[in-house]
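Chain by chain, the residues:
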Amino acid sequence: MKYDTDKNLLLVVCTHCGSIFNKKHTICTNCNSTMTQRKKHAFIKTLCFTLISIIFFIPANVLPMMHVTTLGTVDSSTIFDGILYFIDSKSYGIAAVIFIASIMVPIFKLMVLLFLLFVVYFKKTQFARTAIKYFRIIHFIGKWSMIDIFVVALMIVIVQFGHLTSISAGAAAPSFTVVVIMTILATQSFDTRLLWDEE
Amino acid sequence: MKMHQNKIACKECGLILKKPKADHTHQFTCPRCKACVYKFGQDYETIILMTLTSLILFFPSITLPLLTLKIFELEQTTTLIETVFIFFDNGYIGVSIFITLIGIVIPFLMLLLILFILIPLKNGSSHKKVSGFFKLYEYLLEWQMAEVYLLSIFVSIIKLNKMATLHVETGLYFFCAFLVFMFITINFFNPYDIWNKNEV
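1. Concerning the overall build of chain B
Then, in step 1: Of the regular secondary structure elements, chain B holds seven helices and seven strands.
Then, in step 2: Going from N to C terminus, chain B has its helices and strands arranged as β-β-β-β-α-β-β-α-α-α-α-β-α-α.
Then, in step 3: By residue count, 46% of the 200 residues in chain B fall in the buried class.
Then, in step 4: Carbon and sulfur atoms form 66% of the exposed surface of chain B, whose accessible area is close to 9900 Å².

2. Regarding the pattern of salt bridges
All names here are of chain A.
Then, in step 1: Here the structure, examined in full by the defined rule, presents three salt bridges over all chains.
Then, in step 2: The partner of Asp-191 in a salt bridge is Arg-193, with the nearest N and O atoms 3.2 Å apart. For the pair formed by Asp-191 and Arg-193, the shared burial category is buried.

3. A word on the sheet that holds strand E7 (residues 165-168) of chain B
Residues and elements named next belong to chain B.
Then, in step 1: Taking strand neighbours across the sheet as the criterion, the three strands line up as E6-E5-E7 in an open arrangement whose pairing is antiparallel. The open sheet terminates on both sides in strands that have one partner only, identified here as strand E6 (74-79) and E7. In this sheet, adjacent strand axes meet at a mean angle of 20° when their direction is disregarded.
Then, in step 2: Of the pairings in the sheet, the one linking strand E5 (residues 65-71) to E6 comprises six bridges and is antiparallel in character.

4. So, the domain arrangement of chain A
A common way to state how big an interface is: give the accessible area lost once the parts meet.
Then, in step 1: The assigned domain composition of chain A is domain 1 (1-37) and domain 2 (41-196).
Then, in step 2: Distance from the C-alpha centre of domain 1 of chain A to the C-alpha centre of domain 2 of chain A: 35 Å.

5. Remarks on the packing of helix H1 (residues 42-62) of chain A against helix H6 (residues 172-189) of chain A
Residue and element names in this part refer to chain A.
Then, in step 1: Contact pair H1 / H6: the axes reach a minimum separation of 8 Å and the direction vectors enclose 160°. In terms of orientation, H1 lies roughly antiparallel with respect to H6. Where H1 crosses over H6, the handedness of that crossing is left-handed. Each of Ala-42, Lys-45, Thr-46, Phe-49, Thr-50, Ile-52, Ser-53, Phe-56, Phe-57, Pro-59 and Ala-60 in H1 lies in contact with H6, whose residues at this interface are Ala-172, Ser-175, Phe-176, Val-178, Val-179, Met-182, Thr-183, Leu-185, Ala-186 and Ser-189.

6. Brief notes about the nonpolar core
Then, in step 1: Core analysis: the largest hydrophobic core is formed by 78 residues, its most contacted members being Met146(A) and Tyr149(B).
Then, in step 2: Not counting residues within four places of it along the chain, the set of residues in contact with Met146(A) comprises Thr177(A), Val180(A), Phe98(B), Ile102(B), Met145(B) and Val148(B).
Then, in step 3: Ranked by size, the runner-up nonpolar core spans 26 residues in total, among them Val112(A), Ala128(A), Phe190(A) and Cys10(B).

7. Topic: the interface of chain A and chain B
Then, in step 1: Every contact between the two is made by 63 residues of chain A and, on the other side, 59 residues of chain B.
Then, in step 2: Counting each side, the surface lost to burial between chain A and chain B is near 6100 Å², with a carbon and sulfur contribution of 71%.
Then, in step 3: The interface formed by chain A and chain B contains one salt bridge.
Then, in step 4: Close ionic contact of Lys143(A) with Glu147(B) constitutes a salt bridge, the shortest N to O distance being 3.2 Å.
Then, in step 5: Counting the contacts that link chain A with chain B gives four residue pairs in polar contact (both at pLDDT 80 or more).
Then, in step 6: In terms of residue count, the dominant contributor to the side of chain A that touches chain B is helix H5 (residues 147-158) of chain A (ten residues).
Then, in step 7: Taken together, the residues that form the side of chain A that touches chain B break down as 37 nonpolar, 20 polar and six charged.

8. Considering helix H5 (residues 146-161) of chain B
Given 3.6 residues to a turn, an α-helix orients residues that are three or four positions apart in the same direction.
Residue and element names in this part refer to chain B.
Then, in step 1: Across its 16 residues, H5 extends 23 Å between first and last C-alpha, which sits within 8% of the 22 Å expected from 1.5 Å per residue.
Then, in step 2: Of all 16 residues that make up H5, twelve are buried, and the element is covered over most of its length.
Then, in step 3: All of the buried residues in H5 are Ala-146, Glu-147, Val-148, Tyr-149, Leu-150, Ser-152, Ile-153, Val-155, Ser-156, Ile-157, Lys-159 and Leu-160.

9. A few points about the environment of Val105(B)
Residues and elements named next belong to chain B.
Then, in step 1: Along the chain, the position of Val-105 falls in helix H3 (residues 93-122).
Then, in step 2: Judged by its relative accessible area of 34%, Val-105 is partly exposed.
Then, in step 3: Residues Val-105 and Cys-33, 72 residues apart in the sequence, show an inter-C-alpha distance of 34 Å.

10. Re unusual backbone geometry
Residue and element names in this part refer to chain A.
Then, in step 1: You will see that His-41, though not glycine, has its phi angle at about 50°, which is positive.
Then, in step 2: Counting through the fold element by element, His-41 comes out in the loop between strand E2 (20-22) and H1.
Then, in step 3: One non-glycine residue, Lys-123, lies in the positive phi region at around 55°.
Then, in step 4: Among the structural elements, Lys-123 can be located in the loop between helix H3 (92-121) and helix H4 (128-141).

Rules behind the numbers
Residues numbered from 1 in each chain as written. Chains lettered and ligands numbered in written order. Predicted model: local features only at pLDDT ≥ 70, side-chain atom pairs only at ≥ 80, totals over all residues. Heavy atoms only, no water. Helix = DSSP H or I, 4+ residues; strand = E, 2+ residues; numbered from the N terminus. Buried < 20%, exposed > 50% of the residue type's maximum accessible area, 1.4 Å probe, protein only. Areas by Shrake-Rupley, 256 points an atom, 1.4 Å probe, with all protein chains shown as cover. Salt bridge = Lys/Arg side-chain N within 4 Å of Asp/Glu carboxyl O. Pairing = 2+ DSSP bridges. Axes fitted to C-alpha atoms, helices over the stretch in contact; angles between N-to-C directions. Domains from an automatic or database assignment. Parallel < 35°, antiparallel > 145°, perpendicular 65-115°, else oblique. Left-handed = near helix turned anticlockwise from the far one by under 90°. Contact = heavy atoms within 4.5 Å. Core = buried A, V, L, I, M, F, W, Y, C linked by side-chain atoms within 4.5 Å. Buried area = accessible area lost by both parts, 1.4 Å probe. Polar contact = N/O pair within 3.5 Å; in protein donor to acceptor, adjacent residues only side chain to side chain. Nonpolar A, V, L, I, M, F, W, Y, C, P; charged D, E, K, R; others polar. Expected span 1.5 Å × (residues − 1).

This is the structure in structure tokens:
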């Protein structure tokens, strides 16, 4: 079945205000935004951001997230150690939140991004409806993986007792921040209309 | 010079649809990708009122003490605004700027932007004048993470409770209230109404 898309009818849609013009227009007369039929370099941008976040995902999970110094002894913990700590202290709810937000969600996001890129690259338009469903899910849950970064940041601020107890951020904190930012940028630069384009 | 007045496009899949004859109180979805093509928002007066409420709640929530932490005889009280300065003193400049931006500055900025969009419109300004603010608002929508920030405060409270004695202070309640109002405001406000109004 052939659908009437903007590409088939040689039209261009202003993504800002929703006005429709013939393809030769580049500036929307309604709101002065520049218009392109598809977001520029959407595929390659999404691919690059996804690859960067896959690379940074490894140090984010292997390296320590924070160092707790108590009376001179340093105690380093990774993201996973943090989860185990909550399980040991019987706060199962928090353990589940951290596990979902900082381990499951990033992996799920990366998988979905790779699936979207697969659908676009091989023109598997029959998967488009499934793909856009997952795109909306990762778009919604994306920001929740920032929670671990925020927790570390807040702990550093709240616990400032000099030599007695202090907390500092480990090397995983910036890597994890990069992972989250890159996945958000990847979903932002992806153009969902590409999923339906047949040629 | 608008070419296609009676048509409407789905922004998520590019499908061109006939514009339905519905008034602007119903929402309808794209038949192909199920994206929400039109969602109705509350009227401008309600939004301005809600925005002002959240802005008023913002100031006590960042200046009042958030938490008091006690280890042995040492006591420390933290406010949200102090968190910014402590970061800078400790040298985590990159991460700290980012966290302060998405946790505190962007939510505040978004509320200001809503006012910057709606007040000129109410006073009869043209839509083109505010479209710059509107574009910025649309962009920031993906980067505001205040609710994640709130949840992380709760997680760190539970984490710190094992280390020391903690007291929750008034600032946290104000911050919760601020976030609830901001969340309602952002969900009630439909910026696309700006473009729909002149067609009704």
